[in-house]
There are 2 protein chains.
Amino acid sequence: MKVSLGQKILSRNEECASQNRDFFNKHKIVCLNVISSPGAGKTSLLVRTITDLRERLQIGVIEGDIETDNDAQKILAAGAQAFQIQTKGACHLSAEQVYNALKMIDAEKMNLIFIENVGNLVCPSAFDLGEGRRVVILSVPEGDDKPAKYPGTFAGASVVLINKIDLIEHLDFNLQRVLADIHTVNPNAKIFQLSAKTGQGMEAWYDWLKEQIET
Amino acid sequence: MKVSLGQKILSRNEECASQNRDFFNKHKIVCLNVISSPGAGKTSLLVRTITDLRERLQIGVIEGDIETDNDAQKILAAGAQAFQIQTKGACHLSAEQVYNALKMIDAEKMNLIFIENVGNLVCPSAFDLGEGRRVVILSVPEGDDKPAKYPGTFAGASVVLINKIDLIEHLDFNLQRVLADIHTVNPNAKIFQLSAKTGQGMEAWYDWLKEQIET
């Protein structure tokens, strides 16, 4: 019974994910599903990215949080369209929530849509939202053991952003270990070291974004 | 079907939680379920607590991680008994896993048992493990918006530890906002500001632990 219900939920999710994927393909939209622990800096990263790229790209954001619309407010203030999903306790976004949210912004006019998932390094990785690629953010204060402890999430990432790199001097964080552990679970992941706060390393991330949109 | 299965899982969990609770009561063991985001400092807090209190208290730790037994190794090195549960993808511990783990350490000889849950600020809060109380750790680098964004987890805490307080000078973290937001969702929570790294503020936490054991 457990398995069959699990399959039913996942199969419903796959169906909606597939609809989302068709929509993104049809309108040539790059959609990125952004996954991290609470407080790794997803919103700060998006705010800075929007501020720096809004002249060149049409960017939309679908925000997922258990409660509050704080993050959508920050995205709106940065100059992008945003829609906030409040999951009211659920630990991840579903493809159906994203499907409905896409109707609330001018999605078909966008070059780039970010889905900021619920802050959780476990559950979101099990749910395909129809995104093109996944971006996993690891922040330096979380520690250098996280890729080994949460391998499934890192294995599914096209890109890993090591954020808050400006704090590395204040912390015991073995960057070589992190790079090696990510490589072990995911040899193909692109890795960028950056700070959404200071701006350090953001250009390489922007170059990668532009490549996705142009190809 | 969804509801009835959910009820079945939760009811099985309640049954095991109740057995655990009876065990802790019978042996006068204080059991604390420690919940936080990945990297908030659960293991570091326990290592320092064990190091400082092991002469006076018998402490055991049940560790939950998706993969690796790194954390149990650190606890063993600090001088406490530990048993590692690897959940292999599951986002929280269950009462049954704890029930089985209690047999792997000399649980009945302990004054204090910590259950270090899987790093996740959402899912663990829905599962009673039979613990006496919950300890939620919020680390300063995660940001001051977390109690408002994850109210369910903070509402269930007897104690909130604001960890990595030594980093506050390097970050934009509005401590007054955090204290107010915790109070809003949970007026009865005890709150301690501390740093498991530097030792700042640990004595008040130890005093609280000793009170629990003596009463």
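Q: Sorry, what's going on with the nonpolar core here?
A: A general tendency of soluble globular proteins is for nonpolar side chains to be buried together. A:Ile113, A:Ile115, B:Ile113 and B:Ile115 are the most contacted members of the largest nonpolar core, which totals 120 residues. Those residues within four positions of B:Ile113 in sequence are excluded, and the remaining contacts are B:Ile29, B:Cys31, B:Gly60, B:Ile62 and B:Ala107.

Q: Even after reading the chapter, I still don't get the confidence of the model for chain A, so can you show me in this structure?
A: Close inspection of predicted coordinates is inappropriate for parts of the model with low pLDDT. Confidence along chain A averages 95 in pLDDT terms, with 97% of residues attaining 70 or more. Taken together, the chains of this predicted complex give a pTM of 0.94 and an interface ipTM of 0.91.

Q: Before we go on, may I ask you to explain the sheet that holds strand β3 (residues 81–86) of chain B in this structure?
A: Residues and elements named next belong to chain B. The strand order β3-β2-β4-β1-β5-β6-β7 describes an open sheet built from seven strands, whose pairing is parallel. Strands with a single pairing partner mark the edges of an open sheet, and in this sheet they are β3 and β7 (190–193). The average undirected angle you get between the axes of adjacent strands in this sheet is 20 degrees. Alignment of strand β2 (residues 59–65) against strand β4 (residues 112–116), held across five bridges, turns out to be parallel. Across the sheet, residue Glu-63 finds its bridge partner in β4, namely Glu-116. Its contacts with the sheet place helix α3 (residues 70–78) against β2, β3 and β4, and it is angled at close to 180 degrees to β3.

Q: What's the story with the environment of B:Tyr150 in this structure? I'm lost.
A: Looking at the secondary structure, you find B:Tyr150 in the loop between α5 (146–149) and α6 (151–155). Note on B:Tyr150: 27 C-beta atoms within 10 Å, which makes it buried. Through-space distance from the C-alpha of B:Tyr150 to that of B:Leu121 is 7.2 Å; in sequence the pair is 29 residues apart. Beyond its immediate stretch of four places on either side in the chain, B:Tyr150 contacts A:Pro38, A:Ile66, B:Leu121 and B:Val122.

Q: So what exactly am I meant to see when it comes to the relation of the copies chain B and chain A here?
A: The two chain copies are related to each other by a rotation about an axis together with a translation along it. Relative to chain A, chain B is turned by 180 degrees and slid 0.0 Å along the rotation axis, the superposed coordinates differing by an RMSD of 0.0 Å. Viewed as a symmetry operation, the transformation between the two copies matches a two-fold axis. Here 100% of the interface residues in chain B have copies in chain A that are interface residues too; the copies meet face to matching face.

Q: I'm lost on the interface of chain B and chain A in this one. Help?
A: For an interface, size is often stated in terms of accessible area lost upon the parts coming together. With 33 residues of chain B in contact, the opposing surface of chain A contributes 33 residues. Among the elements of the structure, α1 (2–26), α5 and α6 of chain B are those that each provide at least two residues to the side of chain B that touches chain A. No other element matches α5(B), which puts three residues into the side of chain B that touches chain A.

Q: Please explain the environment of A:Phe24 as it appears in this structure.
A: Residues and elements named next belong to chain A. Inspection of the secondary structure assignment puts Phe-24 in helix α1 (residues 2–26). Measuring from C-alpha to C-alpha, the distance between Phe-24 and Arg-56 comes to 19 Å, with 32 residues separating the pair along the chain. Ignoring sequence-local partners within four residues, the contact set of Phe-24 consists of Ile-29, Cys-31, Gly-130 and Gly-132.

Q: Would you explain the pairing of strand β5 (residues 133–139) of chain A in this entry?
A: One face of the sheet, then the other: side chains in a regular strand alternate in exactly this way. All names here are of chain A. The element β5 is largely enclosed, with a buried count of six among its seven residues. Sheet topology note: the strand β1 (residues 30–36)/β5 ladder contains five bridges and is parallel. Looking at the pairing, Ile-35 lines up with Val-136 of β5. Sheet analysis places β5 next to strand β6 (residues 159–163), joined by five bridges and oriented parallel.

Definitions and cut-offs
Residues numbered from 1 in each chain as written. Chains lettered and ligands numbered in written order. Predicted model: local features only at pLDDT ≥ 70, side-chain atom pairs only at ≥ 80, totals over all residues. Core = buried A, V, L, I, M, F, W, Y, C linked by C-beta atoms within 7 Å. Buried ≥ 20, exposed ≤ 12 C-beta atoms within 10 Å, placed from the backbone. Contact = placed C-beta atoms within 7 Å. pLDDT = per-residue confidence, 0-100. Pairing = 2+ DSSP bridges. Helix = DSSP H or I, 4+ residues; strand = E, 2+ residues; numbered from the N terminus. Axes fitted to C-alpha atoms, helices over the stretch in contact; angles between N-to-C directions. Least-squares fit on C-alpha atoms with pLDDT ≥ 70 in both.

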